[in-house]
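Architecture at a glance
The primary structure of each chain is shown beneath.
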2 protein chains.
Amino acid sequence: MGKPKKTPRPKAETPKGFRDYFGAEVTQRTEMLRKIAGVYHRYGFDALESAGVETVEALGKFLPDVDRPNEGVFAWQEDADADKPGDWLALRYDLTAPLARVYAQHQNDLPKPYRRYAMGPVWRNEKPGPGRFRQFYQCDADTVGAPSVAADAEICAMLADCLEAVGIERGDYVIRVNNRKVLNGVMEVAGLAGDDKAAERGIVLRAIDKLDRLGPDGVRALLGQGRKDESGDFTEGAGLSALQTDKIMSFVNSHFEVGNKLAQEAARAENEGNDERARQLHHARYSVEPQFRDRDEKELYGKQRKIWNQRVIDHLKELIGGTGVGFSGISDLQEIHDLMTSAGYSDQRFLIDPSVVRGLGYYTGPVYEAELTFDIQDEKGRTRNFGSVAGGGRYDDLVKRFTGQEVPATGVSIGVDRLLAALQAKGRLESEAQGPVVVTVMDRARMSYYQELVADLRNADIDPDDPSKGKIRAEVYLGNPKNFGNQLKYADKRGSPAAVIAGSDEQERGVIQIKDLILGAKIAESATLEEWKDRPSQFEVPRDQLVAKVREILAAHSPDGGAK
Amino acid sequence: MGKPKKTPRPKAETPKGFRDYFGAEVTQRTEMLRKIAGVYHRYGFDALESAGVETVEALGKFLPDVDRPNEGVFAWQEDADADKPGDWLALRYDLTAPLARVYAQHQNDLPKPYRRYAMGPVWRNEKPGPGRFRQFYQCDADTVGAPSVAADAEICAMLADCLEAVGIERGDYVIRVNNRKVLNGVMEVAGLAGDDKAAERGIVLRAIDKLDRLGPDGVRALLGQGRKDESGDFTEGAGLSALQTDKIMSFVNSHFEVGNKLAQEAARAENEGNDERARQLHHARYSVEPQFRDRDEKELYGKQRKIWNQRVIDHLKELIGGTGVGFSGISDLQEIHDLMTSAGYSDQRFLIDPSVVRGLGYYTGPVYEAELTFDIQDEKGRTRNFGSVAGGGRYDDLVKRFTGQEVPATGVSIGVDRLLAALQAKGRLESEAQGPVVVTVMDRARMSYYQELVADLRNADIDPDDPSKGKIRAEVYLGNPKNFGNQLKYADKRGSPAAVIAGSDEQERGVIQIKDLILGAKIAESATLEEWKDRPSQFEVPRDQLVAKVREILAAHSPDGGAK
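Residues numbered from 1 in each chain as written. Chains lettered and ligands numbered in written order. Predicted model: local features only at pLDDT ≥ 70, side-chain atom pairs only at ≥ 80, totals over all residues. Heavy atoms only, no water.

Each helix and strand counted, chain A has 21 helices and 19 strands in total. Each of the three principal axes of chain A carries a C-alpha extent, and together these read 95 × 90 × 55 Å. In chain A, buried positions account for 54% of the 564 residues. A separation threshold of at least 6 residues defines the contact pool for chain A, and within that pool the share at least 24 residues apart is 66%. Total accessible area on chain A stands at roughly 24700 Å², and carbon and sulfur atoms take up 48% of it. Within chain A, the 89 negative side-chain charges are centred at a point lying 4 Å from the centre of the 79 positive side-chain charges. (Helix = DSSP H or I, 4+ residues; strand = E, 2+ residues; numbered from the N terminus. Buried < 20%, exposed > 50% of the residue type's maximum accessible area, 1.4 Å probe, protein only. Contact = heavy atoms within 4.5 Å. Areas by Shrake-Rupley, 256 points an atom, 1.4 Å probe, with all protein chains shown as cover. Lys, Arg positive; Asp, Glu negative; His and termini not counted. Charge placed at Lys NZ, Arg CZ, Asp CG, Glu CD.)

Set out below in structure tokens:
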């Protein structure tokens, strides 16, 4: 018999594609979701939380986005019972598939229409990549059982309110609205309506969806024979005729055509001496390019977006108003426009945008997305638009697989990580400098005294005039107290605003030393206690002034300044 | 070739042992966890959120509770790569195993000691039962790397603050504290100290843990030859001698022995004419049975618990103070007692309780649990104590499997569902009657007007003098508006406090009908519009009084009354 093998130690690692979130990363997201939930709730949406685990049968095995049909789920088979094989279970890959199951299961108990919101992790068994994780948050709101576009308009308005609630200012976002029926109308005028043209339609939709990235020439190539990209890879085109391609490009170029018309109209107005009208039309023309303007200009131009939106609808009527489906889609857009403006959501906050596609095959009516219109630096240092942070639309096959019924539904999903990144970029997240006051330990035998001090701090309001700011965050140092320098290094690592110091001398004299660590941060590395005592950032106060002095230091470092 | 088989429709069901949570079930839990997170944060604990998925290797395959070693995890194997088999992944079964992995993985970046809190779902692959689900929430706080019992005392104090923060009043809970070293001391005096006695120790600990359920006689039987329960099932005993059993029973009966001593002392004091002292001693004696007292009595008796706690420590000294480990455990208890009282946590809020065991094998020092001391009716209508809602203790092998180092840790886990049930029982949860105001639809063509009304409500503070109460929750009816009765049934199902009614007549006259639905709830079932209009619970107000009137109705039905 050989020697027993020593079991190797397990590796302390997350599985590939998973990660840990620490401190402010967690609390900032929680706070953002809380604000969004507040808006959803105010709009009459009810919370729903289903489990992370569903049966594969109920979930459906693949993701809805047929662009990437191979995206998988994490699935496993339960142990068999005596008489039957175990069920296949899987982690949910989104929050819509569970909604379908919940609605089919509980429909007799749910109000109709059913407005629900859900927020929580979902899992995808995909190849992880940079910034692409296999568990991430989704934050959805859907209305089930409401066929009217009022439901879509409501979600667009709610999306705008959500963005403002979390700190995106008006003018820094736009809700882009389109309708899949408009796209179907375009297919019809281009002769791509029949069941036998599904493949071509797929290529065309994918091409339109890439307008932002490829530009009009790239889209045109994909509509025709195909396109070679910079790396030399060739993408097969839809093989449309020149006439078909022109029809679709006139749609794809709506933005340019509407812009040109406005420019011509403005020129006419100028010739006629109507400068005010000319100015309005110019502003309308530029109202869709807010990324090139500062906030004041955004306001100014945004005010004329009503003209732009109406011109886009007119343009669509010219192009596809003759088809039944196109006409219906345009009417929907007009109605959404009217409902939103009635509810006080001016055109400045939304944009009728025929280039919005939102994936393939899934949506059946209005589609919408929230775009942030301020600039950020990308990883290569180039200035670019922040882009989309939420999207959704109407889909009508929600519960059909379960019940056979068609139940209309419309809903939005907010990209939690993207929106957090946006708030980070705008400096809208609570500072990470929220470390606790650290009560240092000069003498282990005096631990009861330190507990008394720390309890005093924790039970005190940060601002006695505003209890909503909460109580002082504070802790006693619990490591080995021998090396005082280590305690200060610890406080530094914790981002502590202040350290409290009380040795036998202080206790006898009834005083406390309080060190302002933000002032003193730079010298913390190698300081000894004696050095610290001589710094002007350290204060000796009577024991009963502990809370008052700490409050003063916190106020001095709070975002709203504080004259010390 | 046969006919193609029709695919049967999938079943719309959660997997066995999983469930959905709706509306207030979700928001009440979220709000409770937010309050707890606030307390954890104030104590200097940092949020940590790890993924639901870990490698089986990092997780360890089995649950720490050796009482139920067969509890499993949900696990699956990843697809193989070209050159190696796929990793085994699993859903976390608690929040402590991931903490161990996180600490081992990130220890160079984490402060030491590291205080962290975590809250989120965990999964157990167990047989589901009534009230026992395979996904549930945990809510933990742990301090890693602090060997001092100050860390344990801090967590006990924090636990008390958490309970009060969520709405459990002082006097309605007690933090019970013990030390596993005390239990080890008992084993030593009973001659059960050696490695060869591990099996007996296991039986003894399990028996002590069942004191609440079996009573002293049941425990005694388990220490001896064994015990037959009511159903006739026999449980093998530890087979201890009478002397051994007596030693352990004297420990198990600490409660009775201390009570008897206090009774004798009180009798002596009475005889000596010292009535005040006698009263104190009686109160001390009954301070541990708060379930039999009303709140005022609880206060009165609780004030003397300091005497009780000290007598328990004295009793333990007599029993096991002669063993090294027992003496050390008692010193720890004394220190925790002193630290908590220094921090202002009077003896009323905690109890030195030698019968606290907290499972087997896992803990190495202080153990603690939070018990709610108010009565509830159990499912059979019997009055009983609510019982434990949180527990934890010190364990020292947290990261040893990863790194070989012993790192001391102590932490608590709050039973989220139990605590929610307790708040429910005490009426401490926000009422579920938080339905939205429903703007009804008399006329589809007037939808823009209804959007205007609902937006007015949503943008209005519930209480203009207190914006912290939030804005009015309101929605437009989005179902088929034809049958007005259905709209009122819908509002009823939603728990709406009020319905807003505006037909062409009202709009022309510039007025709005507002129906107080809480007053009118009983007649909603079959009412027609005309009937409703005549009820005194319905009001006609000018359009510009919409918000004011709705505010009035909300105030009248708010928990703090409101004189209408």
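Still to come is the rest of the account.
For the match of chain A to chain B, the screw axis carries a shift of 0.0 Å, the RMSD comes to 0.1 Å, and the turn is 180°. Seen this way, the second copy is the image of the first under a two-fold rotation axis. It is Trp76 of chain A whose C-alpha, among those of chain A, lies nearest the rotation axis, at 2.8 Å. The fraction of interface residues of chain A whose copies in chain B are also interface residues reaches 100%, indicating that both copies meet through the same surface. (Least-squares fit on C-alpha atoms with pLDDT ≥ 70 in both.)

So, on to helix H13 (residues 324–342) of chain B. All names here are of chain B. With 19 residues, H13 extends 27 Å between its outermost C-alpha atoms, agreeing within 8% with the 27 Å of an ideal straight helix rising 1.5 Å per residue. Among the residues making up H13, those that are buried are Gly326, Gly329, Ile330, Asp332, Leu333, Ile336, His337, Leu339 and Met340. Downstream of H13 by one or two residues, Gly344 has phi in the positive range, about 95°. (Expected span 1.5 Å × (residues − 1).)

Another point: helix H8 (residues 242–252) of chain B. The α-helix advances 3.6 residues per turn, and as a result positions three or four apart in sequence lie on the same side. Among the residues making up H8 of chain B, those that are buried are Gln244, Thr245, Ile248, Met249, Ser250, Phe251 and Val252 of chain B. Here the buried face of H8 of chain B lies against helix H5 (180–189), helix H6 (198–209), helix H7 (211–223), helix H9 (254–271) and helix H12 (305–320) of chain B.

As a further point, take the sheet that holds strand S16 (residues 474–476) of chain A. Residue and element names in this part refer to chain A. One open sheet holds the five strands; their spatial order is S16-S15-S17-S18-S19, and the pairing between them is mixed. Strand pairing shows two members of the sheet lacking a second neighbour, S16 and strand S19 (538–542), which therefore form its edges. The average undirected angle you get between the axes of adjacent strands in this sheet is 25°. Taken together, the three bridges between strand S15 (residues 437–439) and S16 define a ladder with parallel strand orientation. Across the sheet, Val438 pairs through a bridge with Glu475, a residue of S16. Seen against the sheet, helix H16 (residues 447–458) touches S15, S16, strand S17 (498–501) and strand S18 (511–516) and runs at an angle of roughly 175° to S16. (Pairing = 2+ DSSP bridges. Axes fitted to C-alpha atoms, helices over the stretch in contact; angles between N-to-C directions.)

Think of interface size as the accessible area that goes away when the parts come together; that is how it is often given. Taken together, the contacts link 98 residues of chain A with 98 residues of chain B. Together, the buried faces of chain A and chain B total about 8200 Å²; carbon and sulfur atoms form 53% of this surface. The largest contributions to the chain A side of the interface with chain B come from Arg42, Glu49 and Leu478 of chain A, which together make up 10% of the buried area. Linking chain A with chain B are 14 salt bridges. The interface formed by chain A and chain B holds 48 residue pairs in polar contact (both at pLDDT 80 or more) in total. (Buried area = accessible area lost by both parts, 1.4 Å probe. Salt bridge = Lys/Arg side-chain N within 4 Å of Asp/Glu carboxyl O. Polar contact = N/O pair within 3.5 Å; in protein donor to acceptor, adjacent residues only side chain to side chain.)

A word on the packing of helix H4 (residues 149–166) of chain A against helix H13 (residues 324–342) of chain A. All names here are of chain A. Contact geometry of H4 with H13 gives a least axis separation of 9 Å together with a crossing angle of 50°. Between H4 and H13, the angle falls in the class oblique. Considering how the two elements wind past one another, H4 and H13 form a crossing that is right-handed. Residues Val149, Ala150, Asp152, Ala153, Cys156 and Ala157 of H4 touch H13, and the partners they reach there are Asp332, Glu335, Ile336, Leu339 and Met340. Here the contact of H4 with H13 is composed, by residue class, of eight nonpolar, no polar and three charged. (Parallel < 35°, antiparallel > 145°, perpendicular 65-115°, else oblique. Left-handed = near helix turned anticlockwise from the far one by under 90°. Nonpolar A, V, L, I, M, F, W, Y, C, P; charged D, E, K, R; others polar.)

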